[in-house]
Amino acid sequence: MDNELKYLVYISQLDTRLDEFEEDLGGLPEQLKTIRQNYEKQIAMVKETEKILRDVRKFAVNSKQALDDLKDKEQKLSDRQFRVRNNKEFDAITKEIEHIRQEYNKITSEMRSISVKEDNLIEMLEMQKQERLEIEKDLKEKEKEYETISSDQNEEIKELKSKKKEFEKKVSRRSLDDYKRVRHHLKDAVVLAKRNSCTGCYSAIPPQKIVMLRNNLDKLFFCENCGRILYPEELVLEENFLF
Ligand SMILES: [Zn+2]
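The notes below deal with the structure included here.

**A closer look at the overall build of the protein**
- Of regular secondary structure, the protein possesses 5 helices and 4 strands.
- Helices and strands appear in the protein in the N-to-C order α-α-α-α-β-β-α-β-β.
- A compact globule built from 243 residues should have a C-alpha radius of gyration of about 18 Å, whereas the protein, at 41 Å, is more than 25% larger.
- Projected onto its principal axes, the C-alpha coordinates of the protein cover approximately 130 × 35 × 30 Å.
- Excluding contacts between residues fewer than 6 apart, the proportion of contacts in the protein whose partners are at least 24 apart in sequence is 72%.

Here it is, written out as structure tokens:
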């Protein structure tokens, strides 16, 4: 392998950069999800209230029609009452009219309560719509914020990732697995051994290990204290290896 340690250093630095991008986004994706869910909920709530209001209005229209019909019936019965031939018939019609009036009063009082209900629903609907508007505004702002951050980043992230892939090809499968294993716990998985100590945890490195490190650039050495992959000061790194 053409000095894979060097490429591991590059990969580690690329990963650090990629981590920084993630951090910039912060909790934004999670926040967006929550706001979207709230927005959907609010839309459903408005629809539900609108449906109830429609039903209430339909009921009011039907009740109004029922009242008209009852009035009609009563009128007809009154007319008939003038033409009855005996008391029995007269009483029967009186009873019927009474029954109609009771029904009429019952519907009238129902309509009063329906009217109060309608007023309350209208007020509730207004509030729900206002709330929906506010959530929508919030959602749009957050979406814009997210788009701005991620579109600025997208190009650079793409470039970093493609570079990383390129470097990964220069490293053996085994070393790459070692790197990933260390990085699972420690973000800065590859560190410089400077003045005989690990710059990851600052513990001392035995001098004979430093010598081995210098002389075996094709082999991986790990800090005995923290487990990070070490590279010696002698390792030649290209400055601005990215560009
Ligand atoms: Zn260490």
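Once the structure has been displayed, the description carries forward.
**Concerning the environment of E141**
- Its location among the elements puts E141 in helix 3 (residues 87-168).
- Owing to 11 C-beta atoms within 10 Å, E141 belongs among the exposed residues under this scheme.
- The spatial distance from the C-alpha of E141 to the C-alpha of L32 is 9.9 Å, given a sequence separation of 109 residues.

**Points about the sheet that holds strand 4 (residues 229-232)**
- In spatial order, the strands read 2-1-4-3; together these 4 strands make up an open sheet with mixed pairing. On the outer flanks of this sheet lie strand 2 (197-198) and strand 3 (221-222), each paired with one strand and no other.
- As paired strands, strand 1 (residues 190-194) and strand 2 are joined by 2 bridges and run antiparallel to one another. Each residue of the ladder has a partner; that of K194, found in strand 2, is S197.
- Running at roughly 75° to strand 4, helix 5 (residues 207-215) makes contact with strand 1, strand 3 and strand 4 of the sheet.

**As for the pairing of strand 4**
- Inspection of the sheet shows strand 1 paired to strand 4 by 4 bridges, in the parallel sense. Looking at the pairing, L192 lines up with Y231 of strand 4.
- Bridge count between strand 3 and strand 4: 2 bridges; the pairing is antiparallel. Paired with F222 across the bridge in strand 4 is I229.
- Between strand 3 and strand 4, which follow one another and run antiparallel, lie 6 residues, and G227 among them has a positive phi close to 85°.

Definitions and cut-offs
- Residues numbered from 1 in each chain as written.
- Predicted model: local features only at pLDDT ≥ 70, side-chain atom pairs only at ≥ 80, totals over all residues.
- Helix = DSSP H or I, 4+ residues; strand = E, 2+ residues; numbered from the N terminus.
- Rg over C-alpha atoms; globule rule 2.2 N^0.38 Å.
- Contact = placed C-beta atoms within 7 Å.
- Buried ≥ 20, exposed ≤ 12 C-beta atoms within 10 Å, placed from the backbone.
- Pairing = 2+ DSSP bridges.
- Axes fitted to C-alpha atoms, helices over the stretch in contact; angles between N-to-C directions.

Treat this as a map of the structure, not an account of what it does.
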